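One-letter residues, chain by chain:
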Amino acid sequence: ETAPVPPQVTLLLAPGCHFCEDARAELAQRAARGEVVVELEDADSARGRELLTRHRPAMFPLVLVEGEWFSAGRLPRRKLDRALERLAPAGRGR
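As the structure is a prediction and not an experimental result, all values here were calculated from the model.

J.: I'd like to hear about the packing of aromatic side chains, residue by residue, with values.
T.: A complete count under the given rule lists zero aromatic pairs for this structure. Over the ring of phenylalanine 70 we find lysine 79, and its NZ or CZ is 4.7 Å from the ring centre.

Take a look at the structure:
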């Protein structure tokens, strides 16, 4: 039996953004624990521009969980905990 794949979190980053660095550090820790798979995307890349056009965040970073809007600006850690708990396969982390 294969292990379940953790939820994918996409982080859209802008240069010089302290909220971006904070979110990157937090998500790196969670990825190291196997809670998430993190995809980093630069706002200036082709995909980054497409995500900006689609989601129009008021602030950076834009955070998507499983491809869906999650947050923009400071990463809401408790909200992320709840979202990851809902996405976790039954019995995992209990």
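That covers the picture; the talk isn't over yet.
J.: Give me the pairing of strand E2 (residues 37-42): which residues, what numbers.
T.: As paired strands, strand E1 (residues 8-13) and E2 are joined by six bridges and run parallel to one another. The residue of E2 that forms the bridge with glutamine 8 is valine 37.

J.: Before we move on, could you go through the state of the cysteines and cite the residues and values that matter?
T.: Inspection of every chain in the model, using the stated rule, returns one disulfide. Paired through a disulfide, cysteine 17 and cysteine 20 show a sulfur-sulfur distance of 2.4 Å. With the S-S dihedral at roughly 85°, the linkage between cysteine 17 and cysteine 20 falls on the right-handed side. Judged on exposure class, the residue cysteine 17 and its partner cysteine 20 are both buried.

J.: Which residues make up the pattern of salt bridges, and what values do they have?
T.: Applying the stated criterion to the full structure yields ten salt bridges. A salt bridge links aspartate 81 to arginine 30; the shortest N-O distance between them is 2.7 Å. With a gap of 51 residues between them, aspartate 81 in helix H3 (residues 77-87) and arginine 30 in helix H1 (residues 18-32) connect regions that are remote in the sequence. By relative accessible area, aspartate 81 is classed as partly exposed at 37%. In this structure arginine 30 comes out as buried when scored by relative accessible area, which is 4%. Among the ionic pairs, arginine 47 bridges to glutamate 39, the shortest N-O distance being 2.8 Å. Overall, the relative accessible area of 33% leaves arginine 47 in the partly exposed class. For glutamate 39, a relative accessible area of 22% puts it in the partly exposed group. Through salt bridges with shared partners, one network takes in Asp22, Glu26, Arg30, Arg33, Glu35, Arg77 and Asp81.

Parameters at a glance
- Residues numbered from 1 in each chain as written.
- Predicted model: local features only at pLDDT ≥ 70, side-chain atom pairs only at ≥ 80, totals over all residues.
- Heavy atoms only, no water.
- Phe/Tyr/Trp six-rings, centres within 6.5 Å; stacked < 30°, edge-to-face > 60°.
- Lys NZ or Arg CZ within 6 Å of the ring centre and 35° of its normal.
- Pairing = 2+ DSSP bridges.
- Helix = DSSP H or I, 4+ residues; strand = E, 2+ residues; numbered from the N terminus.
- Disulfide = S-S within 2.5 Å.
- Buried < 20%, exposed > 50% of the residue type's maximum accessible area, 1.4 Å probe, protein only.
- Salt bridge = Lys/Arg side-chain N within 4 Å of Asp/Glu carboxyl O.

From the geometry alone we can't say anything about function, so treat these as descriptive.
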